[in-house]
Amino acid sequence: MSWNENLHNAKTGKNDEFYTQLIDIEKELQHYKEHFKGKTVFCNCDDPYESNFFKYFAMNFNHLWLKKLIVTWYSTSSIAYTQLWGLFDVRPQAYKIEINEMFDVNQDGCEDLLDVRYFLEHLNSSKNKLVALKGDGDFRSTESLELLQEADIVVTNPPFSLFREYVNVLMRYQKKFLILGNMNAITYKEIFPLIKENKLWTWYGFNMSMVYKTTYPNLLEANRKYVIWKGYNPDDWYVKVPAICWYTNLDINKRHEDLIMYKKYTKDEYPKYETFDAIDVNTVSEIPFDYYWIMWVPKTFIDKYNPNQFELLWYEREDENIQVWIKNMSKSFLDDYRKYWGKWHYTSWMKMLCYYDNNRIPRIPFSRILIRRKK
Ligand SMILES: C[S@@+](CC[C@H](N)C(=O)[O-])C[C@H]1O[C@@H](n2cnc3c(N)ncnc32)[C@H](O)[C@@H]1O
């Protein structure tokens, strides 16, 4: 199965079982420690026997000064219940675990996975609880939403196929969050306006290729090589998934850092579009420091977006509003385009950004975001 098939299956809901590795969680979470003190964290798509989000927060419960950790999981998860350590006699429905205390039970000098395991096996003999849910643990269920209300911060890797809906729930309940998602989500018509309104942003880990544990093997040679290079065994069903980002609304310094720009604007280097009154900037690092009118930039700009420095205006493809302002491509441009690049599926009724570069090569850039400098 190819990487794109992985993603496609995830998006269409055929497979949402992608398990995040502890090291990837640690790498991102190290930037957020101050946000967790005295807080209740909720992981609402997380079978604790498999989820490293649960393990991370349980192990770091005292280090982060957490008040409480709540974890719920989905009863239909195909990977759940494979590592139950004999806790359940029959296949159970969904459960919630509440961690209210953690300590070094085996007194080996640190709170680690052995202590987490001890707590899982002796949940009801401490202040920690394991309680059966009435429903299936769906993050949209009444039970889960009640827990959401109790929580301060939600941290997880939600099902890719339900990403839009998942974010919608977080917004409705006005929760702080730190979640993983695919980079394509930046330009979803439900997500881009949230970035524009500063209700959500992407952070440290941006456009990453990640290795997930999943429920099927990926026999593709490139996958095997990548997984081995990252230190995992592909025969244990680890797969590479590209273009992953962390999405959050927790404020951190990086969000207020200015993009350093070094290039001067010249008409030759920054062509104007044939179909829109703005310039094309091909790479984010080449945004000119002295240009204050609108420009189209690749969507990787979001990684550098500081709302004090730039205004985020529109996204090209899925945004009906901006589509009104983009003119149809002219027949002469399309003729030139076909002459240069061969046959393409573009037609003159399409509203696309297009330009001639300074060698008069006709170009239709891929996936642009419209921005304007503020200062
Ligand atoms: C991408 S996996 C991530 C699992 C875990 N959070 C992790 O990062 O290791 C998404 C998980 O959400 C579960 N899931 C799917 N639909 C769900 C729903 N409606 N409510 C809650 N969980 C769901 C899946 O079973 C799957 O285990």
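Anyway, here's the lowdown on the structure attached to this text. (Residues numbered from 1 in each chain as written. Predicted model: local features only at pLDDT ≥ 70, side-chain atom pairs only at ≥ 80, totals over all residues.)

**A word on the overall build of the protein chain**
The condition is simple: In this description a helix means any DSSP run of H or I spanning at least four residues, a strand means any run of E spanning at least two, and both kinds are numbered starting from the N terminus. Exposure is read from a count of other C-beta atoms within 10 Å of each residue's own; the residue is exposed at 12 or fewer, buried at 20 or more and partly exposed in between. C-beta atoms are placed from the backbone. Think of it this way: build a C-beta for each residue from its backbone, and any pair within 7 Å is a contact.
For the protein chain, the count of helices and strands is 10 helices and 16 strands. When the 375 residues of the protein chain are sorted by exposure, 35% land in the buried category. A fraction of 71% describes how many contacts in the protein chain between residues 6 or more apart in sequence connect residues 24 or more apart.

**Some remarks on unusual backbone geometry**
Positioned with a positive phi, Trp65 is a non-glycine residue whose angle comes to about 55°. Assignment of secondary structure puts Trp65 in the loop between helix H3 (52-59) and strand E3 (68-72). Overall, the presence of 13 C-beta atoms within 10 Å leaves Trp65 in the partly exposed class. One non-glycine residue, Gln174, lies in positive phi territory at about 50°.

**As for helix H6 (residues 163-172)**
Our working definition: The arc under discussion is defined with respect to the helix axis, by the directions toward the C-beta atoms.
If you check which residues of H6 are buried, you get Phe163, Tyr166, Val167 and Leu170. Along the long axis of H6, the arc covered by the buried residues comes to 95°, so they all point the same way. Note on H6: the residue one or two positions beyond its end, Gln174, has a positive phi of about 50°.

**Focus: the packing of H3 against helix H4 (residues 113-121)**
Threshold: Only the contacting stretch of a helix is used when fitting its axis, a line to C-alpha atoms as for every element, and angles between N-to-C directions run 0 to 180 degrees. Relative orientations are named as follows: roughly parallel for angles under 35 degrees, roughly antiparallel for angles over 145 degrees, roughly perpendicular for angles from 65 to 115 degrees, and oblique for any other angle. Under the convention adopted here, Pro, Cys and the residues Ala, Val, Leu, Ile, Met, Phe, Trp and Tyr are nonpolar, Asp, Glu, Lys and Arg are charged, and Gly plus all remaining residues are polar.
Put simply, H3 and H4 touch, their axes get as near as 9 Å, and they point 105° apart. Accordingly, the angle class assigned to the pair H3 and H4 is roughly perpendicular. The segment H3 lies against H4, with Lys55, Ala58 and Met59 engaging Leu113, Val116 and Phe119. Considered class by class, the residues forming the contact of H3 with H4 number 5 nonpolar, no polar and 1 charged.

**Topic: helix H8 (residues 221-229)**
The periodicity of an α-helix, 3.6 residues per turn, causes residues three or four positions apart to be oriented the same way. Residues of H8 that are buried: Asn223, Tyr226 and Val227. All buried residues of H8 lie within an arc of 95° about the axis, which places them on one face of the element. Opposite the buried face of H8, at more than 90 degrees from it, the exposed residues are Glu221, Lys225 and Trp229. Backbone geometry just downstream of H8 places Gly231 in the positive-phi region, at approximately 95°.

**What to know about the pairing of strand E7 (residues 176-182)**
Stated precisely, the cut-off is as follows: At least two DSSP bridges between two strands are needed for those strands to be called paired. Orienting the strands away from the viewer, one traces the path from the first strand over the helix to the second; a clockwise path indicates a right-handed crossover.
Of all 7 residues in E7, 5 are buried, a share of seventy percent or more. Here strand E6 (residues 153-156) pairs with E7 via 4 bridges, running parallel. What sits directly across from Val154, in E7, is Phe177. What joins E6 to E7 is H6, and the crossover it makes is right-handed. In the sheet, E7 pairs with strand E10 (residues 238-248) via 5 bridges, with the strands oriented antiparallel. Bridged to Leu180 within E10 is Trp246.

**A look at the sheet that holds strand E11 (residues 279-280)**
Pairing is mixed across the open sheet formed by 4 strands, whose spatial order is E11-E12-E16-E13. Taken across any chain shown, the strands that pair with only one partner, and hence form the sheet edges, are E11 and strand E13 (310-315). Relative to strand E16 (residues 368-373), strand E12 (residues 295-298) is paired through 4 bridges, and the arrangement is antiparallel. Bridged to Trp296 within E16 is Leu370.

**Details of the pairing of E6**
A two-sided burial pattern is seen for E6, the buried positions comprising Ile153 and Val155 on one face and Val154 and Thr156 on the other. Relative to E6, strand E2 (residues 40-43) runs parallel, the two sharing 2 bridges. Bridged to Phe42 within E6 is Val154.

**Let's talk about the nonpolar core**
Rules: Any nonpolar core is a set of buried residues, restricted to Ala, Val, Leu, Ile, Met, Phe, Trp, Tyr and Cys, that join up through C-beta atoms within 7 Å. Start and end positions for the domains come from either an automated domain assignment or a database one.
One finds Val41, Phe57, Ala58 and Leu69 to be the most contacted residues of the largest nonpolar core, which totals 90 residues. Examining the composition of this core, we find that 7 residues originate from one element, E10, more than from any other. When residues of this core are sorted by domain, at least three fall in each of domain 1 (3-253) and domain 2 (257-373). Those residues in contact with Val41 that sit more than four places away from it in its chain are Phe36, Phe57, Leu66, Leu69, Ala151, Ile153 and Val155.

**A short note on the environment of Lys129**
By the element assignment, Lys129 lies in strand E5 (residues 129-132). With 14 C-beta atoms counted inside 10 Å, the residue Lys129 sits in the partly exposed group. In this structure, the C-alpha to C-alpha distance between Lys129 and Phe119, residues 10 residues apart in sequence, is 9.4 Å. Not counting residues within four places of it along the chain, the set of residues in contact with Lys129 comprises Ile97, Glu98, Leu123 and Asn124.

**Some remarks on the environment of Thr283**
By the element assignment, Thr283 lies in the loop between E11 and E12. For the pair Thr283 and Pro298, spaced 15 residues apart in the sequence, the C-alpha separation amounts to 6.5 Å.

**Some details on the packing of helix H2 (residues 22-29) against H3**
The cut-off we apply is this: In this scheme, a crossing is called left-handed if the near helix is turned counterclockwise away from the far one by less than a right angle; it is called right-handed if the turn is clockwise.
At their nearest, the axes of H2 and H3 sit 9 Å apart, and the two run at 55° to each other. By the angle between their axes, H2 is oblique relative to H3. The hand of the H2/H3 crossing is right-handed. Note on element contacts: H3 touches H2 through Asn52, Phe53, Lys55 and Tyr56, opposite Leu22, Ile25, Glu26 and Leu29. For the contact of H2 with H3, a count of residues per class yields 5 nonpolar, 1 polar and 2 charged.

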